[in-house]
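Observations on the three-dimensional arrangement
Now for the letters of each chain:
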Amino acid sequence: MKVNYPIKGSVDVKEIKEVLKPFGGRCAKIVEGTLEYQIKEENQNDAYVCLKDKGYID
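The sections below set out a description of the structure shown in this document. (Residues numbered from 1 in each chain as written. Predicted model: local features only at pLDDT ≥ 70, side-chain atom pairs only at ≥ 80, totals over all residues. Heavy atoms only, no water.)

1. Quick word on the pattern of salt bridges
Inspection of the entire model under this criterion finds 1 salt bridge. A salt bridge links glutamate 18 to lysine 21; the shortest N-O distance between them is 3.3 Å. With relative accessibility at 49%, the residue glutamate 18 sits in the partly exposed group. (Salt bridge = Lys/Arg side-chain N within 4 Å of Asp/Glu carboxyl O. Buried < 20%, exposed > 50% of the residue type's maximum accessible area, 1.4 Å probe, protein only.)

Okay, structure coming up:
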């Protein structure tokens, strides 16, 4: 499943890819201030919470 979240500030996509690895996230990229990546539906919420806690997304 593909998800999109607004990015908070400027971030390094390589860091985000490393954060998403344990959740099975892949193909992470930043497009017009939005983080896009693919993830299995059952891991989506955990990945979202992790990214939010680390301050990458709003």
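2. Here we look at helix H1 (residues 13–20)
Residues Ile16, Val19 and Leu20 constitute the buried set of H1. Take H1 and look down its axis: the buried residues cluster within an arc of 95°, on one side only. Its buried side turned inward, H1 meets strand E2 (26–31), strand E3 (34–38) and helix H2 (44–53). (Helix = DSSP H or I, 4+ residues; strand = E, 2+ residues; numbered from the N terminus. Arc of directions from axis to C-beta. Contact = heavy atoms within 4.5 Å.)

3. Section: the sheet that holds strand E1 (residues 2–6)
With antiparallel pairing, the 3 strands of this open sheet are ordered in space as E1-E3-E2. Of all strands in the sheet, those bounded by a partner on one side alone are E1 and E2. Adjacent strand axes in the sheet meet at a mean angle of 20° when their direction is disregarded. Where E1 lies against E3, 5 bridges are found, and the strand directions are antiparallel. Pairing of asparagine 4 across the sheet is with glutamate 36, part of E3. Across the face of the sheet, H1 comes into contact with E2 and E3 while running at roughly 145° to E2. Where H2 meets the sheet, its contacts fall on E1 and E3, and the angle it forms with E3 comes to roughly 145°. (Pairing = 2+ DSSP bridges. Axes fitted to C-alpha atoms, helices over the stretch in contact; angles between N-to-C directions.)

4. Considerations on H2
For H2, the complete set of buried residues consists of Ala47, Cys50 and Leu51. Projection of H2 onto a plane perpendicular to its axis shows the buried side chains occupying an angular sector of 95°, all on one side. For H2, exposure combined with an orientation more than 90 degrees from the buried face picks out Asn45 and Asp53. Glycine 55 occupies a position one or two residues after H2 and carries a positive phi of about 85°.

That is the geometry; function is a separate question.
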